[in-house]
Amino acid sequence: MSEPQEPEGAIAGTGAGGAMDLAAGEATTLAPGAPGGGPTAPARSLWSDAWHDLRRNPVFILSGLIILFLVLISLWPSAIASGDPLDCDLANAQKSSSPGHPFGFDGQGCDVYTRTVYGARASVTVGVCATLGVALLGSVLGGLAGFFGGVWDAILSRITDIFFAIPVVLGGLVLLSVVTSSTVWPVIGFMVLLGWPQISRIARGSVITAKQNDYVQAARALGASNSRMLLRHIAPNAVAPVIVVATIALGTYIALEATLSYLGVGLKPPTVSWGIDISAASAYVRNAPHMLLWPAGALAVTVLAFIMLGDAVRDALDPKLR
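Treat the numbers as computed from the prediction; the structure is a model and nothing was measured.

What counts and what doesn't
Residues numbered from 1 in each chain as written. Predicted model: local features only at pLDDT ≥ 70, side-chain atom pairs only at ≥ 80, totals over all residues. Heavy atoms only, no water. Helix = DSSP H or I, 4+ residues; strand = E, 2+ residues; numbered from the N terminus. Buried < 20%, exposed > 50% of the residue type's maximum accessible area, 1.4 Å probe, protein only. Areas by Shrake-Rupley, 256 points an atom, 1.4 Å probe, with all protein chains shown as cover. UniProt positions renumbered as here; feature names shortened; annotations may be inferred. Polar contact = N/O pair within 3.5 Å; in protein donor to acceptor, adjacent residues only side chain to side chain. Contact = heavy atoms within 4.5 Å. Salt bridge = Lys/Arg side-chain N within 4 Å of Asp/Glu carboxyl O. Phe/Tyr/Trp six-rings, centres within 6.5 Å; stacked < 30°, edge-to-face > 60°. Disulfide = S-S within 2.5 Å. pLDDT = per-residue confidence, 0-100.

**With respect to the overall build of the chain**
Assigned secondary structure in the chain consists of eleven helices and two strands. The order of α-helices and β-strands along the chain, N terminus first, is β-β-α-α-α-α-α-α-α-α-α-α-α. Burial statistics for the chain: of 322 residues in total, 39% are counted as buried. Accessible area of the chain: about 17800 Å², with a carbon and sulfur share of 65%.

Given below as C-alpha cells:
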C-alpha cells in the first residue's frame, strides 16, 4: 500500500528543531520552544527596519516637518506671502515691523518677510539639485572604480586627491567670479564639480566591502554578468552610506550657497536669496538688526533641519548603533 502523499504546502521538519513551509516563496522558520509552536515575526530588511525606527524618532519627525514646510513654501511661496519680493519703496527703508509687515523692511525698502519666504526657493533648489548631482556622479564613478579596481581605481584615487586639495570657498571665488548669470545653475555646477570626490570615496569603499560578500561570489559563480551583480546585488547593499552622507551634505550645500552669495560670487540679484539678504543687511546690523535676524535665522533653521535629518537617517541605517 502506497504511503499517503503530503498535501501541497505541508510543513516539513528541519534538523534544527524548527519547521519550514515548502510551499512558501521564502522560508518561514518556526521558533523551537515558542508557545504553541507558532511562527516568529518575519525578519525585516534593512530598509523596512530603518523606516520602522525613523517613524519613532522624534528628531526625524521634527526635521521632516520643517523640511516639508520649506519644500512647500519653495514651491508655492505666495501661499503665505502675498507681496512681491522685488517691490521696494525707499520711503520704508530700514523701518521695523508694522501691521502687514511683521519682519520690517530692508535697506531698499523691501519687505523682509516676503523676501525671507521667497528666499527659501533658491536655497532649497541649490541644496537639493547639488546633492542629487553630487550623489549621482560620485556614486557612479566611485562604484565603478571599487567594482573593477585596477588602473581605473588608481586613476580615480589620484583625481579625487587633486579635488580634495582645492579649498571650496577659494575655488568658488575663483570659478564663480567670472560668471555673470543670475540663475542657480552655475552655483549648482560648481558644487557638483567640487563635491563629488567625497561621495565617490564613500561609494568606492562601500562597493569594495559589498562585492566580497558570499552572495556576490555566489552570483559570480553562477555566471551573473557584471551589470547584474552591480545593479541587483551590490548597489542595493552599498547605497546606505551614500544616502547618509548626501543627506547631511544637503544642509552644508545650502550654507555654502549662502556663503558664496554673501561674498558676492554666488547667486546675484534679482534672484532672491538668504545669502544676498544677509550680505546686504551686514552694513546695517547696528541700526536695523531685524534685516539680518530673519534671513539668518531661516538659514540656520534650514541647515539644522537637514543635518538633524541626516543624523537620524545615519542612526537608522547603521546596524552597529542598534
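**Here's the deal with the UniProt feature "transmembrane region" (unreviewed entry) in the chain**
Those residues carrying the UniProt feature "transmembrane region" (unreviewed entry) are residues 59–76, 124–150, 162–194, 238–256 and 292–313 in this numbering. The annotated region residues 238–256 carries 95% helix and 0% strand content, and the separation between its end C-alpha atoms amounts to 28 Å.

**Considering the side chain of serine 206**
The residue serine 206 is located in helix 6 (residues 185–210) in this model. Overall, serine 206 belongs to the buried group, its relative accessible area being 13%. A distance of 2.8 Å separates a polar side-chain atom of serine 206 from the backbone oxygen of alanine 238. For serine 206, the residues in contact, after removing those within four places along its chain, are Ala238 and Pro241.

**Details of the pattern of salt bridges**
Under the criterion given, the structure shown has six salt bridges. Aspartate 161 is the partner of arginine 201 in a salt bridge, and the nearest nitrogen-oxygen pair spans 2.4 Å. Of the two residues, arginine 201 is situated in helix 6 and aspartate 161 in helix 4 (residues 150–164); the sequence distance between them amounts to 40 residues. Of the residues examined, arginine 201 reaches a relative accessible area of 35% and is grouped as partly exposed. For the salt bridge of aspartate 315 with arginine 314, the shortest nitrogen-to-oxygen distance reads 3.3 Å. The partly exposed category is assigned to aspartate 315, whose relative accessible area is 34%. Connected through salt bridges with shared partners, the residues Arg158, Asp161 and Arg201 form a single ionic network.

**Section: the environment of isoleucine 166**
Position of isoleucine 166 among the secondary structure elements: in the loop between helix 4 and helix 5 (168–176). Sequence separation between isoleucine 166 and leucine 194 is 28 residues; the distance between their C-alpha atoms is 8.0 Å. For isoleucine 166, the contacting residues outside a window of four places in its chain are Gly171 and Leu194.

**Some thoughts on the environment of valine 128**
Structurally, valine 128 can be placed in helix 3 (residues 112–148). A sequence separation of 126 residues divides valine 128 from isoleucine 254, and the C-alpha atoms of the two residues are 8.6 Å apart.

**Quick look at the packing of aromatic side chains**
Evaluation of the coordinates by the stated rule reveals five aromatic pairs. Pairing phenylalanine 163 with tryptophan 196 gives two aromatic rings, centres 5.5 Å apart and planes at 65 degrees, and the pair type is edge-to-face. One end of the pair, phenylalanine 163, is in helix 4; the other, tryptophan 196, is in helix 6, with 33 residues separating them in the sequence.

**Describing unusual backbone geometry**
Note on backbone geometry: most residues besides glycine have negative phi, and most peptide bonds are trans. Note the cis peptide between proline 269 and proline 270, where omega equals 10 degrees. Tracing the sequence through the fold places proline 270 in the loop between helix 9 (240–262) and helix 10 (274–281). For glutamine 94, which is not a glycine, the phi torsion comes out positive at approximately 65 degrees. For glutamine 94, the location among the structural elements is in the loop between helix 2 (58–75) and helix 3. Owing to a relative accessible area of 30%, glutamine 94 belongs among the partly exposed residues under this scheme.

**Describing the state of the cysteines**
Think of a disulfide as a covalent bridge from one cysteine sulfur atom to another cysteine sulfur atom. Counted under the stated rule, the structure contains one disulfide. Here cysteine 88 is linked by a disulfide to cysteine 110, with a sulfur-sulfur distance of 1.6 Å. For the disulfide bridge between cysteine 88 and cysteine 110, the dihedral angle about the S-S bond is near 80 degrees, and by the sign convention the bridge is right-handed. Here the residue cysteine 88 occupies a position in the loop between helix 2 and helix 3, and cysteine 110 occupies one in the loop between helix 2 and helix 3, the gap between them amounting to 22 residues. Taking the relative accessible area as the measure of exposure, cysteine 110 reaches 4% and is therefore buried.

**What about the side chain of threonine 247?**
Relative to the assigned elements, threonine 247 resides in helix 9. Among the residues examined, threonine 247 registers a relative accessible area of 15% and is labelled buried. At a separation of 2.6 Å, a polar atom in the side chain of threonine 247 contacts the main-chain carbonyl oxygen of isoleucine 243. With near-sequence residues (within four places) excluded, threonine 247 lies in contact with Phe306, Leu309 and Gly310.

**Focus on the confidence of the model for the chain**
Mean pLDDT for the chain: 82, with 84% of residues reaching 70 or above. Element-level mean pLDDT values for the chain span from 37 in strand 2 (residues 19–21) up to 93 in helix 2. This model gives residues 1–38 a pLDDT under 50, and the stretch forms 30 contacts once residues within four places in sequence are excluded.

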